Amino acid sequence: MSLTGIELALAIVLGQGRRLSLGEAASPGLYCALMPSHESRLSAAAREMRFSAIRRMSALIERPGIISFAPGQPSPETFPVEAFRQILAEVVEKESAGAFQYILTRGLGSLLAAVAEYAAAKGIRSKPPEVILTEGSQQGLDLVSRVLVDPGDVVLVELPSYIGATSAFRASRARMAGVRLDEEGLDLDDLRRRHRAETAEGRKVKFLYVVPSFQNPSGISHSVARRRALLEAARELDLLVVEDDPYGDLYFEEDPRPTLKSMDEEGRVLYLSSFSKILAPGLRTAFVIGPEEIVAKIEIAKQSANLCGSGVDQRVILACLKRGLIEEQKARIRPYYRGKRDAMLAALEADMPRGVRWTRPAGGLFVWVSLPEGMDAEKLIEPAVAEGVAYIPGGPFFVDGTGANTMRLTFAKEDIPTIQEGVRRLARAVKSQSSERL
Ligand SMILES: Cc1ncc(COP(=O)(O)O)c(C=O)c1O
């Protein structure tokens, strides 16, 4: 390899005066130091992109032997692997090479029709131009934000809110304004206040993003009355509502609360849902149902994002729907997660010191813990990891910089005895940091 003059000079500087051999200078570490910087070539949006706090945290906490309440994933124990094996064999047998061809950007026609029927069974009526399949709801959120947001536009989000969504909105250079959440749902006075404040400054509020059922991260589910009132407020403010509903079918108590979309008589709700949490996220299939003019633009944006989804994944989902496997799956996994939720709530009750509060989610995968005011959940990571337990601190879920004393725990990953032991360890860590406060 040959080095330019500048690179050679740098090699001498980096070799602290000693002239490095060509071999040393070409070593990967030094070679990186010699490479040109591409920073100035990055777009303004990319310059602001950061790995999410959760990803950074995962590297820190995913160590062997650690009991983890951190991941935002469904348990692989729930994946119907044997059914997938049979369905995949049948898809290849029946469709041969055709199964591996590109498909339409909007998705396989037969799956689009089946999804419309599936949604109709939950009270969501749609016409074909209002439905599109995406590679996970995450892609849906990215596309929604690409077609609706100009830099500086306002997106209203919950406090706290799903980080995958706020990252997608941030990538479109949205300005995010947080609206308070309580145990009944969105604080609608705060919504009106935030909306008024943003529009008074001459900014355009493009939409409100909500996860009304068993929210990630808080586990909160909006009451029916609050859902109705939210739609009324949206009408009054002329707001588009983006409803993200990956957890609605994971309810543990009574019948599910109606989706905003099923209550929407005006066409002001754009609805996203996904098969990730009830079947398996590896099938990367989700859907958007919304106003035709927005869905048409999403289709165009999707074409440049990935041409189309996976025809194999979509055929597997179609077979699952046709065989009634998805309904079977829901009936099987609800008691599975309910047992784990119960174990986590009972353990928190038994072990946590006074002054610590938590939500009692009626579904989904998450419990949200609030430490006494003034405690910092990020600072608790080190003592918690030393005790052998991990969680996600809540601060990064708040777009307004609050929430430092909160944390997200999932009961999805560990088995019941491990959940009990993990909560004992976490309580020990909390007590060790808070003796003077509690
Ligand atoms: C609220 C919410 N929306 C969307 C997603 C994305 O899911 P997927 O892309 O697998 O459909 C997740 C994943 O955790 C989520 O929690």
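Here, the structure is the one placed above.
So, a few notes on the structure that sits alongside this text. Owing to the predicted nature of the structure, the values given are computational and were not obtained by experimental measurement. (Residues numbered from 1 in each chain as written. Predicted model: local features only at pLDDT ≥ 70, side-chain atom pairs only at ≥ 80, totals over all residues.)

**Focus on the site of the ligand**
Around the ligand, the structure places 14 residues, and the nearest of them are G136, Q138, N216, S274 and S276. Looking at which element gives the most residues to the shell around the ligand, the answer is helix α8 (residues 136–148), with three residues. Among the residues forming the shell around the ligand, the class breakdown is five nonpolar, eight polar and one charged. (Near = placed C-beta within 6 Å. Helix = DSSP H or I, 4+ residues; strand = E, 2+ residues; numbered from the N terminus. Nonpolar A, V, L, I, M, F, W, Y, C, P; charged D, E, K, R; others polar.)

**Focus on the sheet that holds strand β13 (residues 392–393)**
Across a sheet, strands are paired by hydrogen bonds formed along the backbone, either parallel or antiparallel in direction. Spatially, four strands are ordered β10-β11-β14-β13 in an open sheet, and the strand pairing comes out antiparallel. In this open sheet, the two edge strands, each paired with only one partner strand, are β10 (357–358) and β13. Bridge count for strand β11 (residues 366–370) against strand β14 (residues 406–410) is five bridges, and the pairing is antiparallel. Each residue of the ladder has a partner; that of S370, found in β14, is T406. (Pairing = 2+ DSSP bridges.)

**A short note on the sheet that holds strand β2 (residues 131–134)**
Spatial ordering of the open sheet is given by β2-β9-β8-β7-β6-β3-β4-β5, a layout of eight strands whose pairing is mixed. The strands lining the two open edges of the sheet, one partner per strand, are β2 and β5 (185–186). Relative to strand β7 (residues 241–244), strand β6 (residues 205–210) runs parallel, the two being bridged by three bridges. From the neighbouring strand, L208 faces β7, where its bridge partner is V241. Along the sheet, helix α13 (residues 292–306) contacts β2, β8 (269–274) and β9 (286–289); its crossing angle with β2, the most-contacted strand, is approximately 30°. (Contact = placed C-beta atoms within 7 Å. Axes fitted to C-alpha atoms, helices over the stretch in contact; angles between N-to-C directions.)

**Observations regarding the nonpolar core**
The tendency in soluble globular proteins is for nonpolar side chains to be buried side by side. In this structure, V155, L156, Y209, V288, Y391 and L409 are the most contacted members of the largest nonpolar core, which totals 106 residues. Domain assignment of the residues forming this core places at least three in each of domain 2 (53–79 + 328–437) and domain 3 (81–325). Apart from residues no more than four positions distant in its own chain, L156 is found in contact with A177, V179, L191, R194, H195, V205, L208 and Y209. (Core = buried A, V, L, I, M, F, W, Y, C linked by C-beta atoms within 7 Å. Buried ≥ 20, exposed ≤ 12 C-beta atoms within 10 Å, placed from the backbone. Domains from an automatic or database assignment.)

**Some details on α8**
The end-to-end C-alpha separation of α8 is 19 Å, in line with the 18 Å expected for 13 residues at 1.5 Å each. Of all 13 residues in α8, eleven are buried, a share of seventy percent or more. Of the residues making up α8, those classed as buried are G136, S137, Q138, Q139, G140, L141, D142, L143, V144, S145 and L148. (Expected span 1.5 Å × (residues − 1).)

**Here we look at the pairing of β9**
Covered by surrounding structure in β9 are A286 and V288 together with F287 and I289, the residues of both alternating faces. As defined by bridge partners, β2 adjoins β9 across four bridges and the pair is classed as antiparallel. Note that in β9 the partner of L133 across the bridge is F287. Note: β8 against β9, four bridges, orientation antiparallel. For Y271, the partnering residue across the bridge sits in β9 and is I289.

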